[in-house]
Amino acid sequence: YGGMGLDFSYSIAVAEELGSIRCGGIPMAIGVQAGMATPALTRFGSDELKKQFLVPTIAGDFVACLGISEAGAGSDVANIKTTAVRKGDEYVVNGGKMWTTSGCQADWMCLLANTSDGPPHRNKSLICLPMNLPGVHVAKKIDKLGMRSSDTAQIFFEDVRVPSKNLIGEEGKGFTYQMLQFQEERLWGAATVLTPLETIIQETVDYTRQRKAFDRSILHNQAVHFRLAELATEVELLRSLLYRTVARYVEGNDVTKFASMAKLKAGRLAREVTDSCLQFWGGMGFTSEVLVSRFYRDLRLVSIGGGTDETMLSIICKHMETLPSK
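Small disclaimer: the values here were computed from a predicted structure and weren't measured.

**Student:** Would you explain the UniProt feature "domain: Acyl-CoA dehydrogenase/oxidase C-terminal" (unreviewed entry) in the protein in this entry?
**Tutor:** Per the UniProt record, "domain: Acyl-CoA dehydrogenase/oxidase C-terminal" (unreviewed entry) is annotated on residues 172–320. Annotated as 74% helix and 3% strand, the span residues 172–320 places its first and last C-alpha atoms 28 Å apart.

The following block contains the structure:
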């Protein structure tokens, strides 16, 4: 289908390198394309569906978006209300999606919708929905605190008719497919923060070395250079957890617990590093002229998007309860 057929570790290498871009919006948009909207289609989609949607997406001719979150259901995926009712050889879609990355420019959406009235974990399906169909309304581009170079849309569906052949895999398996897709999304998110955090720490070292207060450099204060050493250590610990998790994932293991741990740590560390470093920049850190203030805004999303910190903690707790007692 035009891809290189490499294992997931290469995606993580790309994600980590994309962290060299001096903003969060571009790596996130590429991540949606490569690791959030397409894994389920790649794994479970029909050959015809892959040729129609995956081939042009890999080639860069199509922009993809992921339609999961709704105004009343963010991390609570089981509670989504959007419906796709089967009528003949079509699904009729009604409802709406919120906080959809690349939604204003997307050519198609990997849509999660309720296709039956069954139990919430078994009544959902993933559908490839072309965004140019009648009844698809991009209501607005959302104004955000950070990630401002990435368009984020609110979208409504009004009797949108989608061919039933656009179903990804089996009907009713959408929740399961999406949970698998989330693992790659969360690992990608953890990988993209590593380089920005290293960059922020190094730039803070350089700035505090040359910035003086009370006749000596800021960096000369033990509280400052000890804190920066602690933060650098935390970043390396996150990298080790990420690499271990990816290695297990490539071997075919269930990494739900470790991926959730990496995502949790990435979000919290992104907040901790950017906040601590911004403080050491003083008044300059509160301006838009320096990178630390941009990442202070952009990386705040890591603790929210793709499952909040609180959701990650719940997942980790559930997996801890299943561990055998020693």
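**Student:** What's the story with helix α6 (residues 222–250) in this structure? I'm lost.
**Tutor:** Residue pairs spaced three or four apart in an α-helix point in one direction, given the helix's 3.6 residues per turn. Look at α6: 42 Å from first C-alpha to last across 29 residues, which is about the 42 Å you get at 1.5 Å a residue. Taken together, the buried positions of α6 are Val224, Leu228, Leu231, Val235, Leu238, Arg239, Leu242, Thr245, Val246 and Tyr249. Downstream of α6 by a residue or two, Gly252 has a phi angle that is positive, lying close to 95°.

**Student:** I keep staring at the layout of surface pockets and nothing clicks. Help me out?
**Tutor:** A water-sized probe rolled over the atoms picks out the places where empty space is left. Here the largest pocket defines a volume of roughly 1000 Å³. At the level of secondary structure, the elements contributing two or more residues to the lining of the largest pocket comprise α2 (25–36), β3 (90–101), α5 (174–210) and α8 (291–298). The element contributing the most residues to the lining of the largest pocket is α5, with seven residues. Broken down by class, the residue content of the lining of the largest pocket amounts to 21 nonpolar, 14 polar and seven charged. Domain assignment of the residues forming the lining of the largest pocket places at least three in each of domain 1 (37–170) and domain 2 (176–320). Lining the second largest pocket are 24 residues, with Gly3, Leu6, Ser11, Ala34 and Ile58 positioned closest to its centre. Breaking the lining of the second largest pocket down by element, the ones donating at least two residues are α1 (8–18), α2, α3 (39–44), α4 (47–59) and α5. Class assignment for the residues of the lining of the second largest pocket results in 12 nonpolar, nine polar and three charged.

**Student:** Please clarify how the pattern of salt bridges should be interpreted in this entry.
**Tutor:** When the charged atoms of two side chains with opposite charge come close together, those side chains can pair. Counted by the stated rule, this structure contains 18 salt bridges. Notably, a salt bridge pairs Glu70 with Lys97, separated by 2.9 Å at the nearest N-O pair. Of the two residues, Glu70 is situated in the loop between β1 (64–67) and β2 (83–87) and Lys97 in strand β3; the sequence distance between them amounts to 27 residues. Owing to a relative accessible area of 6%, Glu70 belongs among the buried residues under this scheme. The class of Lys97 is buried, set by a relative accessible area of 1%. Between Arg294 and Asp298 there is a salt bridge, with its nearest N and O atoms 3.6 Å apart. Within this pair, Arg294 and its partner Asp298 are both found in helix α8, separated by four residues, close to a single helical turn. For Arg294, a relative accessible area of 32% puts it in the partly exposed group. With a relative accessible area of 2%, Asp298 lands in the buried category.

**Student:** Explain the nonpolar core to me, please; I cannot follow it from the model alone.
**Tutor:** A general trend in soluble globular proteins is that nonpolar side chains are found buried together. Judged by nonpolar contacts, the single largest core of 66 residues is most densely connected at Leu41, Ile168, Leu242, Val273 and Cys277. Sort the elements by how many residues they give to this core and α5 lands first, with 14 residues. Of the domains in this structure, domain 1 (37–170) and domain 2 (176–320) are the two that each give at least three residues to this core. Sequence-distant contacts of Val273, that is, excluding residues within four places in its chain, are made with Leu197, Ile200, Ile201 and Leu231. Counting 19 residues, the second largest nonpolar core, distinct from the first, contains Ala106, Leu133, Val136 and Ile155.

Each value, and the rule that gives it
- Residues numbered from 1 in each chain as written.
- Predicted model: local features only at pLDDT ≥ 70, side-chain atom pairs only at ≥ 80, totals over all residues.
- Heavy atoms only, no water.
- UniProt positions renumbered as here; feature names shortened; annotations may be inferred.
- Helix = DSSP H or I, 4+ residues; strand = E, 2+ residues; numbered from the N terminus.
- Expected span 1.5 Å × (residues − 1).
- Buried < 20%, exposed > 50% of the residue type's maximum accessible area, 1.4 Å probe, protein only.
- 1 Å grid on protein atoms, 1.4 Å probe; cavity = no way out; pocket = protein on both sides within 12 Å on 5 of 7 lines; lining within 4 Å.
- Points joined across faces, edges and corners; volume = space filled by probe spheres on them.
- Nonpolar A, V, L, I, M, F, W, Y, C, P; charged D, E, K, R; others polar.
- Domains from an automatic or database assignment.
- Salt bridge = Lys/Arg side-chain N within 4 Å of Asp/Glu carboxyl O.
- Core = buried A, V, L, I, M, F, W, Y, C linked by side-chain atoms within 4.5 Å.
- Contact = heavy atoms within 4.5 Å.

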